Protein chains: 2
Amino acid sequence: MKKTLLTTLLVQCAFVAFAQQEPVDLDMVHRIKQEGLKNSKVMETAFYLTDVSGSRLSGSTGLQRANEWSKSKLSEWGLKNAHLEEWGTFGRGWEFQKSYVAMTAPYYQHLIATPKAWTPGTNGELKGQAMLIKVEKEEDLAQYKGKLKGKIILTPPTREAITSFEPDAKRHTEEDLKKLAANPDAENNQRNNRNMTDWRAMMQLRTKVNEFVMAEGAAAILSTRGGTHGTHFTTNGAPYAADAKPVLPEMEMGLEDYGRLVRLLEAGQKVELEMETETRFLTDDLKGYNVIAEIPGTDKKLKDEVVMLGGHIDSWHASTGATDNAAGVAVMMEAVRILKALNIQPKRTIRIALWGGEEQGLHGSRGYAKQHFGDPATMALKKEHEKLSAYYNLDNGTGKIRGIYLQGNDMVRPIFEEWFKPFHDLDANTITIRNTGGTDHLAFDALGLPGFQFIQDEIEYDTRTHHTNQDNYERLQPEDLKQASVIVASIVYHTAMRDKKMPRKPLPKPRPTT
Amino acid sequence: MKKTLLTTLLVQCAFVAFAQQEPVDLDMVHRIKQEGLKNSKVMETAFYLTDVSGSRLSGSTGLQRANEWSKSKLSEWGLKNAHLEEWGTFGRGWEFQKSYVAMTAPYYQHLIATPKAWTPGTNGELKGQAMLIKVEKEEDLAQYKGKLKGKIILTPPTREAITSFEPDAKRHTEEDLKKLAANPDAENNQRNNRNMTDWRAMMQLRTKVNEFVMAEGAAAILSTRGGTHGTHFTTNGAPYAADAKPVLPEMEMGLEDYGRLVRLLEAGQKVELEMETETRFLTDDLKGYNVIAEIPGTDKKLKDEVVMLGGHIDSWHASTGATDNAAGVAVMMEAVRILKALNIQPKRTIRIALWGGEEQGLHGSRGYAKQHFGDPATMALKKEHEKLSAYYNLDNGTGKIRGIYLQGNDMVRPIFEEWFKPFHDLDANTITIRNTGGTDHLAFDALGLPGFQFIQDEIEYDTRTHHTNQDNYERLQPEDLKQASVIVASIVYHTAMRDKKMPRKPLPKPRPTT
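Residues numbered from 1 in each chain as written. Chains lettered and ligands numbered in written order. Predicted model: local features only at pLDDT ≥ 70, side-chain atom pairs only at ≥ 80, totals over all residues. Heavy atoms only, no water.

Chain A is annotated in an unreviewed UniProt entry as Carboxypeptidase Q of Pontibacter fetidus.

This is how it looks when you write it as structure tokens:
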């Protein structure tokens, strides 16, 4: 009987230990909310990152301006060791200094367009006849041999400008979030893989077409990746490598301006264009940089351990990259500003990282992770690997935080469940075991380090802002950014003060192809 | 008893006569639907009016092209007496042949903008510093004396670029239509009157400001009337009268591009712009024209009577005026095409009118009405006034027809109720006693002639297309335009075949101020 009682007690104690609640410092949460919601500087920070710096393409002077400004601002707020840290070799910088295209016949119509990144300019004003070529496979090119000299080339658009009866701007519904909190859906991934295969085939054909029309002496290319009502999506038109092959001048447009040209050509109308673009390649410094700064840890035993937060500061070139990703950078900077304003004394060091080169392949964060933590190709790890508690990333637009992706890490679930409780009334209450991809936390996750990205409301991310010419300061939602700032500040604070580092998943296997 | 019976019978007969149902020719309705829904040419017509003709500002070569094309097309379809009919003196035509503006400092950013109609060009490339002036009343101008030479002037925007969580495109709900079918709401009109007063005061101040900055030697003006995500609204920047006072070059932009410049200036940044616009005034022919064509009546007694249908063919200048009002013109042309394709033999003459000068004050329809029907200022009427049965207008965008405004004419209600019945299953079933304004049926209504405008779904009219740079072919809804075409064809046909002309309201009093 006695033995049974003892066993029962032991089991109960073990259970209590297992279920011990993750502590939350509600005094600090309260102070963070007061500072972050009532004395916010997040929109001022966003203004300097967007309007004042301009677009921030990797290697551009706009990115340099934003890097320098952020570094200075972080120092001014009292962070230590603010510096630009080289993450490796990027390639040529590029920027444009003139962008103009118009139809001049059958009548004058100015067109909304932007040079594709890393394409050359037109070297003064270019006038030429528009020509539509229809190529579904490489062999279709032969029919155009000898016919393209001096022409400005278009291909039929692959998308239609559909009138949507849905709002451009959306928030997650409770139902959306419930689905998101369910298990990962294999179906989605299959679809994405199929899309990637199609996309790669399309890109290969496009490269063939572009090489052909250049060899045939065409003058320039116009293209579209979608976008309506004056919005157009954008990307690069050539590699940024220092030894990239030359390409033709190319501009991207929205579906309507492009569609008008294509319809006129298909109807046999003679379409004349005038175009003037000026672009320049920046080759003085081929390196890439991240902006790094710290709030040093104060606990004798734990100050060498690190909690990181960040987001990429580079953007595409057609506008000022407000939601992608000045928003994330402004929130992360605001989070450390709040913590400094409250004069916190964190046990662990808090380190902010504003990544470069994200848009071309997470270069900044991957370069940093390789230098500091290890190589995912070999899983040869560095000393610092042991010292990192967690990395928090923000890069899904201007929408407020609705919760967090656990990246398959079941062990952190009860921790985040507690830490999010004071923010349930700010609509942040979804913890999902799912992975999310596409941004810089992957550089950490690839090394078995706890790297997390938050769930955010989408707002106009997919419809209007992500990689478009309309990713402007106006698209930022001030109240959302304030909310995100206080949540990040609190989570980073609690990670820095926690007795133990955040629990980790088992180390992944080396992935030589990464 | 006998007398009572007789009285009862008489009362019953009178009641029967009163309630006699308006006949509907369902065979013809069926044939119209077959031709209009299965063999539609409405999008082809719209293509020629928009993409091929270009923008159609009053007096422009774009409008000339559209006028000539429409006249030829109507002849080709077998309409008689197709001609351009002068409605009076308009003033100078205007069009632009270059439109470019960009910020060059603090960094390069191309801007989406359009010269305001009837403003001069920059006479080559203009480079200048942007300057923000804040003027709430005329006296505020004094502080800027001597400071504006060579500057490009902006004033703070009066609207914010709000992110909407509502769809840009909408259809009327059953609830909307139920409200619309209720009595006229006086409140709305009061609000409109107040808005008009504010608007007039604002316009007067703007004229003062523009005169001042011109006298001070400013180089150009940038302004905004709203629009977001690459869409901007547009209008004229000077009168079109042949003797109008000279003004500065002026371009209109959307809220974000404009907002960026204003925020940078307010933050004390030096903002440099480069701008090149070329515009030309067309003074060879100051007259204005309508396009007129007929399907002649065949009934000996009724062929001198006329049923008219139409819409304005002119547009604003920044795009191709697809929903305002190529849509209405394409539908009205399609309606007569359908009737010709069916080889109908109408009792009354059917006459289509494509009005010019609507955007500057219903000039085309008012000029026509004055020449043919009478002068609303004196109510001196012409012979033809007696001969017109009704005029049907379409000018509220690309949305399908949901019913008709009776313009306060109770007598036509039972007629339209019957004529709309075969179209209830195409969502057209709302008859409202309300007036609607703003377009060419008013020229008829002002003379006591039955002039009607249809109720249409709004789609993106107020948000994206009405007087914007994005009123493009893509914004047209093919199925909606087909639906509208068959309804108009049927209503025009029944008006032409009816035993009597459409009932009229009592003649209005002379309105000397009109």
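Peer 1: What is the right way to look at the packing of aromatic side chains in this model?
Peer 2: Each aromatic ring pair is described using two quantities: the centre-to-centre distance and the angle formed by the ring planes. The tally for this structure, following the rule as stated, stands at 43 aromatic pairs over all chains. Between Phe47 of chain B and Tyr473 of chain B, the ring centres sit 6.4 Å apart and the planes meet at 80°, which makes this aromatic pair edge-to-face. In this pair, Phe47 of chain B sits in helix H3 (residues 42-52) while Tyr473 of chain B sits in the loop between helix H12 (461-465) and helix H13 (478-497), placing the two residues 426 residues apart along the sequence. As far as burial versus exposure is concerned, Phe47 of chain B and Tyr473 of chain B are alike and both buried. Following the ring pairs from residue to residue traces out a cluster consisting of Tyr392, Phe416, Trp419, Phe420, Phe452 and Phe454 of chain A. (Phe/Tyr/Trp six-rings, centres within 6.5 Å; stacked < 30°, edge-to-face > 60°. Helix = DSSP H or I, 4+ residues; strand = E, 2+ residues; numbered from the N terminus. Buried < 20%, exposed > 50% of the residue type's maximum accessible area, 1.4 Å probe, protein only.)

Peer 1: Sorry if this is basic, but what is going on with the sheet that holds strand S8 (residues 250-253) of chain B here?
Peer 2: Paired through their backbone hydrogen bonds, the strands of a sheet run either parallel or antiparallel. Residue and element names in this part refer to chain B. Spatial strand order, S3-S2-S9-S5-S6-S7-S8-S4: 8 strands in an open sheet with mixed pairing. Of all strands in the sheet, those with a lone pairing partner are strand S3 (109-110) and strand S4 (113-115), marking the two edges. Bridge count between strand S6 (residues 152-154) and strand S7 (residues 220-224): 2 bridges; the pairing is parallel. In the sheet register, Ile152 faces S7, and the bridge partner there is Ala220. (Pairing = 2+ DSSP bridges.)

Peer 1: Please explain the interface of chain B and chain A as it appears in this structure.
Peer 2: A common measure of how large an interface is: the accessible area buried when the components associate. Counting residues at the interface gives 57 residues for chain B, matched by 57 residues for chain A. Of all residues in chain B, Phe165, His229 and Arg263 of chain B bury the most surface against chain A, accounting for 15% of the area lost on that side. Where chain B touches chain A, the interface holds 10 salt bridges. There are 34 residue pairs in polar contact (both at pLDDT 80 or more) connecting chain B and chain A. (Contact = heavy atoms within 4.5 Å. Buried area = accessible area lost by both parts, 1.4 Å probe. Salt bridge = Lys/Arg side-chain N within 4 Å of Asp/Glu carboxyl O. Polar contact = N/O pair within 3.5 Å; in protein donor to acceptor, adjacent residues only side chain to side chain.)

Peer 1: Honestly, the environment of Thr155 of chain A in this entry has me stumped. Any pointers?
Peer 2: All names here are of chain A. Secondary-structure assignment places Thr155 in the loop between strand S6 (152-154) and helix H5 (174-180). The exposure class of Thr155 is partly exposed, given its relative accessible area of 29%. If we ignore the near neighbours within four places in the chain, the residues touching Thr155 are Leu132, Ile133, Tyr258 and Val262.

Peer 1: How do you make sense of the confidence of the model for chain A when you look at a structure like this?
Peer 2: As a note on interpretation, predicted positions should not be read in detail where pLDDT is low. Residue and element names in this part refer to chain A. Taken residue by residue, chain A gives an average pLDDT of 94. The fraction at 70 or more is 94%. Per-residue pLDDT stays below 50 along residues 13-17; that stretch engages in 0 contacts with residues further than four places along the chain or on separate chains. Here the complex is predicted with pTM 0.94, and the ipTM for its interfaces comes to 0.94. (pLDDT = per-residue confidence, 0-100.)

Peer 1: Hey, could you run me through the UniProt feature "domain: Peptidase M28" (unreviewed entry) in chain A in this one?
Peer 2: According to UniProt, the feature "domain: Peptidase M28" (unreviewed entry) maps to residues 290-490 of chain A in the numbering used here. The span residues 290-490 of chain A is 30% helix and 22% strand, and its two end C-alpha atoms sit 24 Å from each other. (UniProt positions renumbered as here; feature names shortened; annotations may be inferred.)

Peer 1: What exactly am I supposed to notice about the nonpolar core here?
Peer 2: Within soluble globular proteins, side chains that are nonpolar generally end up buried alongside one another. In this structure, Leu222 of chain A together with Tyr392 and Phe416 of chain B are the most contacted members of the largest nonpolar core, which totals 92 residues. Among the elements that take part in this core, helix H8 (residues 322-341) of chain B stands out by supplying 12 residues, more than any other. In this structure, Leu222 of chain A is in contact with Val101, Ile152, Ile153, Leu154, Met251, Met253, Tyr258, Leu261, Leu273 and Met275 of chain A, ignoring residues within four places of it in sequence. Of all hydrophobic cores here, the second largest spans 91 residues; its members include Val42 and Val412 of chain A together with Met253 and Leu273 of chain B. (Core = buried A, V, L, I, M, F, W, Y, C linked by side-chain atoms within 4.5 Å.)

Peer 1: Explain the domain arrangement of chain A here, please?
Peer 2: Residues and elements named next belong to chain A. Domain parsing of chain A yields domain 1 (24-90 + 286-497) and domain 2 (96-281). Domain 1 and domain 2 are separated by 32 Å when their C-alpha centres are compared. Contacts between the two partners involve 32 residues from domain 1 and, on the opposite side, 32 residues from domain 2. Here domain 1 meets domain 2 over a buried area of about 2,800 Å², counting both sides, of which 53% is carbon and sulfur. (Domains from an automatic or database assignment.)

Peer 1: Even after reading the chapter, I still don't get the relation of the copies chain B and chain A, so can you show me in this structure?
Peer 2: Each of the two chain copies can be generated from the other by rotation about an axis followed by a shift along it. When chain B is fitted to chain A, the best match, at an RMSD of 0.0 Å, comes from turning it 180° and sliding it 0.0 Å along the axis. Interpreted geometrically, this transformation is the action of a two-fold axis. (Least-squares fit on C-alpha atoms with pLDDT ≥ 70 in both.)

Peer 1: So what exactly am I meant to see when it comes to the pairing of strand S11 (residues 306-312) of chain B here?
Peer 2: A regular strand carries its side chains on alternate faces of the sheet. Residue and element names in this part refer to chain B. Most of S11 sits inside the fold, with 7 of its 7 residues counted as buried. Relative to strand S12 (residues 349-355), S11 runs parallel, the two being bridged by 7 bridges. Counted as the bridge partner of Met308 is Arg351 from S12. The handedness of the S11 to S12 crossover, carried by H8, is right-handed. Here 5 bridges tie S11 to strand S15 (residues 388-393), and the two strands are oriented parallel to one another. Bridging across to S15, Leu309 finds its partner in Tyr392. (Right-handed = clockwise from strand over helix to strand, strands pointing away.)

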